[in-house]
Amino acid sequence: MARITYISPAGVKTTVEAEDGSTVMQTALRNNVDGIVGECGGNALCATCHVYVDEAQFAGLGPIVDFEEELLDCTSSPRKDTSRLSCQIPVTGAVDGLIVRLPETQE
Ligand code: FES
């Protein structure tokens, strides 16, 4: 179990409990967090689950694999150094306290 905080573009914070074995994208959808679409269901095909990870926490999430790297160039909102696809961030105890900011748009 981990707590994840999503911050909307307007600065509204939503903190939810996430289940181990799910992803940051699935956790947002289950908790009706606006701003993450997850159109492809987490198969790394759509880039509608784009988030900006808190700078201090970014490196701790591990490396970005090639297919995620390519898809991050297709996001609707600008890619930043801390961009990730939230469907590719698994929930484990290691992400407890994770903070992600939601982009202006996913479409
Ligand atoms: S949900 Fe489609 S790429 Fe993440």
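So, how was this worked out
Residues numbered from 1 in each chain as written. Predicted model: local features only at pLDDT ≥ 70, side-chain atom pairs only at ≥ 80, totals over all residues. Heavy atoms only, no water. UniProt positions renumbered as here; feature names shortened; annotations may be inferred. Buried < 20%, exposed > 50% of the residue type's maximum accessible area, 1.4 Å probe, protein only. Helix = DSSP H or I, 4+ residues; strand = E, 2+ residues; numbered from the N terminus. Pairing = 2+ DSSP bridges.

- An unreviewed UniProt entry annotates the protein chain as Ferredoxin originating from Streptomyces fuscichromogenes.
- Quoted straight from UniProt, the Cofactor (unreviewed entry) entry for the protein chain says "[2Fe-2S] cluster".
- You can read under Sequence similarities (unreviewed entry) in the UniProt record for the protein chain the words "Belongs to the adrenodoxin/putidaredoxin family."

Some points on the pairing of strand 1 (residues 2–7)
A regular strand places its side chains on the two faces of the sheet in alternate fashion.
Argument step 1. Buried residues dominate strand 1, accounting for five of its six residues.
Argument step 2. Sheet analysis places strand 1 next to strand 2 (residues 13–18), joined by six bridges and oriented antiparallel. If you follow A2 over to strand 2, its bridge partner there is A18.
Argument step 3. Between strand 1 and strand 2, which follow one another and run antiparallel, lie five residues, and G11 among them has a positive phi close to 95°.
Argument step 4. For strand 1 and strand 5 (residues 98–101), the ladder comprises four bridges, and the chain directions are parallel. Along strand 5, the bridge assignment pairs I7 with R101.

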